[in-house]
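Given next are the chains, with one letter for each unit.
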Amino acid sequence: MTIATPRVGVITFPGSLDDRDALRAVETMGGEGVELWHADHDLRGVDAVVLPGGFSYGDYLRCGAIAGHAPILDDVRAFADRGGPVLGICNGFQILCEAGLLPGALIRNASLRFVCVDVFLRVETSQTPVTSELVPGEVVEIPVKHGEGQYVATTEQLQEIEDEGLVVFRYADARGEVTERANPNGSIDNIAGVRSPAGNVVGLMPHPEHAVDPDVGPTGGQPVIASLLASALAGASA
Amino acid sequence: MRCRFEVLVTLKPGLADPQGKAVEASLPAIGFSNVTDVRVGRHVRLDVEASTEAEARAQVEEVARRLLSNPVIEDFRVLETTETDTGP
């Protein structure tokens, strides 16, 4: 009997910054990181896909807008339609929203300032590939670093998001209280991350891949990446 | 024929516009304390080669819908066209 290692693909777009950290986080947590390229039509048979943070195509139009039409997004869409786990972090979240794989959009922070700070997130559901090892109400500490992280949605979308329980993480204080003060960017309802109606596509602004090594900061990313690996493995053996 | 279009992309009403707010907040410094409701949008000019203006306009509408605007946060308008006279 061999012990399977989940293979997690990380897509590099022109301007991605956190692809290396995402690969490293996957490997640190016991998975195999697989490099993917935005211009390819090839997911190299991975069990999960990560769209990392940073920038993409200069974000010249809107953040993630041009990347939302990148060649590999066709393959990501097909992978997601088959139920494969997809995680978008920061710019990756913006790309998934622009591609229509997640509801809502991300606009300039309400403060107009770039924020770089460790935040606390309250887990809202364990029904996603990145929170399966967490329980609702649990709090994880993870950094954010973005200028365009204010989550917005149309009134109808927001209604659906809240009614269907599509919020995955909310900005909160250390005790899990969702307060205005804990909201770093003005996101509506303190939303830090959402999932698709089917649940297998998740996007969040904070960076779990920067929070797995206790030597460099909080470790709230560990259960998130561990969940992703477990989900990837479950899909691979299914 | 080559048709010139202008597309105006604006934030949906009711959506917070931090950029507009920043512009508004800086206006008193240059002597305008009577300006309110500033909202910043995007203007895109483009030329389209097509057999009819209607065909060109339909393509511009699609370009605006699929790429130039995000329907969650933005509205767009395709403005009056003038057939372009000379080259670039």
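Everything here concerns the structure above.
Predicted, not measured: the structure shown is a model, and the values here were computed from it.

A.B. asks: What is the right way to look at the overall build of chain B in this model?
C.D. replies: Looking only at helices and strands, chain B features two helices and three strands. Counting the 88 residues in chain B, one finds 14% classified as buried. Sequence separation of 24 or more characterises 70% of the internal contacts of chain B that already satisfy a separation of 6 or more.

A.B. asks: Before we go on, may I ask you to explain the nonpolar core in this structure?
C.D. replies: In terms of nonpolar packing, the biggest core is built from 74 residues, with A:Val8, A:Val49, A:Val50, A:Leu96, A:Leu121 and A:Leu228 touching the most fellow members. For A:Leu96, the contacting residues outside a window of four places in its chain are A:Leu51, A:Gly88, A:Leu101, A:Leu102, A:Val201 and A:Gly203. Listed in part, the seven residues of the second largest apolar core include B:Phe5, B:Val60, B:Ala64 and B:Phe76.

A.B. asks: Where do I start with the interface of chain A and chain B in this structure?
C.D. replies: In many reports, interface size means the accessible area that the parts give up when they come together. Between chain A and chain B, the residue contacts involve 12 residues of the former and nine residues of the latter. For the side of chain A that touches chain B, the residue count by class is seven nonpolar, two polar and three charged.

A.B. asks: Is there a simple way to think about the sheet that holds strand β9 (residues 167-172) of chain A in this case?
C.D. replies: Sheet strands associate in pairs through backbone hydrogen bonding, adopting either a parallel or an antiparallel arrangement. Residue and element names in this part refer to chain A. The nine strands are arranged β2-β1-β3-β4-β11-β10-β9-β6-β7 in an open sheet whose pairing can be described as mixed. Strand pairing shows two members of the sheet lacking a second neighbour, β2 (32-37) and β7 (139-146), which therefore form its edges. Strand-to-strand twist in this sheet, taken as the mean axis angle between neighbours without regard to direction, amounts to 25 degrees. Across three bridges, the pairing between β9 and strand β10 (residues 191-195) is antiparallel. Along β10, the bridge assignment pairs Phe169 with Gly193. Packed on one face of the sheet, helix α2 (residues 71-81) meets β1 (7-12), β2, β3 (48-51), β4 (86-89) and β11 (201-204) and runs near 130 degrees to β4.

A.B. asks: What's the story with helix α3 (residues 91-98) of chain A in this structure? I'm lost.
C.D. replies: At 3.6 residues per turn, the α-helix brings residues three or four places apart onto the same side. Residue and element names in this part refer to chain A. Most of α3 is tucked away, with eight of its eight residues classed as buried. Turning to α3, its buried residues number three or more, namely Asn91, Gly92, Phe93, Gln94, Ile95, Leu96, Cys97 and Glu98. Buried positions along α3 lie against β3, β4, β5 (105-107) and β11. Gly100 sits one or two residues past α3 and shows a positive phi near 80 degrees.

A.B. asks: Even after reading the chapter, I still don't get α2(A), so can you show me in this structure?
C.D. replies: Residue and element names in this part refer to chain A. Burial in α2 covers these residues: Ile72, Leu73, Val76, Phe79 and Ala80. Along α2, the residues classed as buried sweep out an arc of 115 degrees about the axis, all on the same side. Across α2 from its buried face, at more than 90 degrees, point the exposed residues Pro71, Asp74, Ala78 and Asp81. In the core, the buried residues of α2 are packed alongside β1, β2, β3, β4 and β11. Remark: Gly83 follows α2 within two positions and exhibits a positive phi of approximately 95 degrees.

A.B. asks: Explain the pairing of β7(A) to me, please; I cannot follow it from the model alone.
C.D. replies: A regular strand carries its side chains on alternate faces of the sheet. Residue and element names in this part refer to chain A. By the alternation rule, side chains of β7 split into Val140, Ile142, Val144 and His146, which are all buried, and Val139, Glu141, Pro143 and Lys145, of which none is buried. Summarising the sheet, strand β6 (residues 115-123) and β7 pair through eight bridges and their orientation is antiparallel. Each bridged residue has a counterpart across the sheet, and for Leu121 the counterpart in β7 is Val140.

Here is what the cut-offs are and how they apply
Residues numbered from 1 in each chain as written. Chains lettered and ligands numbered in written order. Predicted model: local features only at pLDDT ≥ 70, side-chain atom pairs only at ≥ 80, totals over all residues. Helix = DSSP H or I, 4+ residues; strand = E, 2+ residues; numbered from the N terminus. Buried ≥ 20, exposed ≤ 12 C-beta atoms within 10 Å, placed from the backbone. Contact = placed C-beta atoms within 7 Å. Core = buried A, V, L, I, M, F, W, Y, C linked by C-beta atoms within 7 Å. Nonpolar A, V, L, I, M, F, W, Y, C, P; charged D, E, K, R; others polar. Pairing = 2+ DSSP bridges. Axes fitted to C-alpha atoms, helices over the stretch in contact; angles between N-to-C directions. Arc of directions from axis to C-beta.

It is worth stressing that arrangement in space is one thing and function is another; only the former is reported here.
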